[in-house]
Amino acid sequence: LKNKDTQELRTTRFFTSNIEIDNTSFLYGNKYAIISLNRRLPTGVVIEDESIGKTMACLFNVLWEQAS
């Protein structure tokens, strides 16, 4: 994934190897989506709420600073 960062105009960071996250999330404006990566029962939800969007953006920034 990281090898294509320049080509795909993005920056990728990783957590230490002892942290396991089994879902992915997307934040766009005031919409927050979280998607389970469970292959047997993939599940997703989109929440559209300004307050939740702001909170998730803050959490993203904190985690981004912790990742390398």
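Just above sits the structure.
Residues numbered from 1 in each chain as written. Predicted model: local features only at pLDDT ≥ 70, side-chain atom pairs only at ≥ 80, totals over all residues. Heavy atoms only, no water.

Student: So what exactly am I meant to see when it comes to the sheet that holds strand 1 (residues 23-28) here?
Tutor: Backbone hydrogen bonds hold the strands of a sheet together, and the pairing may be parallel or antiparallel. The three strands are arranged 1-2-3 in an open sheet whose pairing can be described as antiparallel. Of all strands in the sheet, those bounded by a partner on one side alone are strand 1 and strand 3 (44-48). Averaged over all neighbouring strand pairs, the angle between strand axes comes to 10°, with direction disregarded. Pairing between strand 1 and strand 2 (residues 31-36): six bridges, direction antiparallel. (Pairing = 2+ DSSP bridges. Helix = DSSP H or I, 4+ residues; strand = E, 2+ residues; numbered from the N terminus. Axes fitted to C-alpha atoms, helices over the stretch in contact; angles between N-to-C directions.)

Student: Quick question: what am I supposed to make of the side chain of Asp 5 here?
Tutor: Structurally, the position occupied by Asp 5 is in the segment before strand 1. Of the residues examined, Asp 5 reaches a relative accessible area of 8% and is grouped as buried. The contact partners of Asp 5, leaving out residues within four places of it in the chain, are Arg 10, Thr 11 and Thr 12. (Buried < 20%, exposed > 50% of the residue type's maximum accessible area, 1.4 Å probe, protein only. Contact = heavy atoms within 4.5 Å.)

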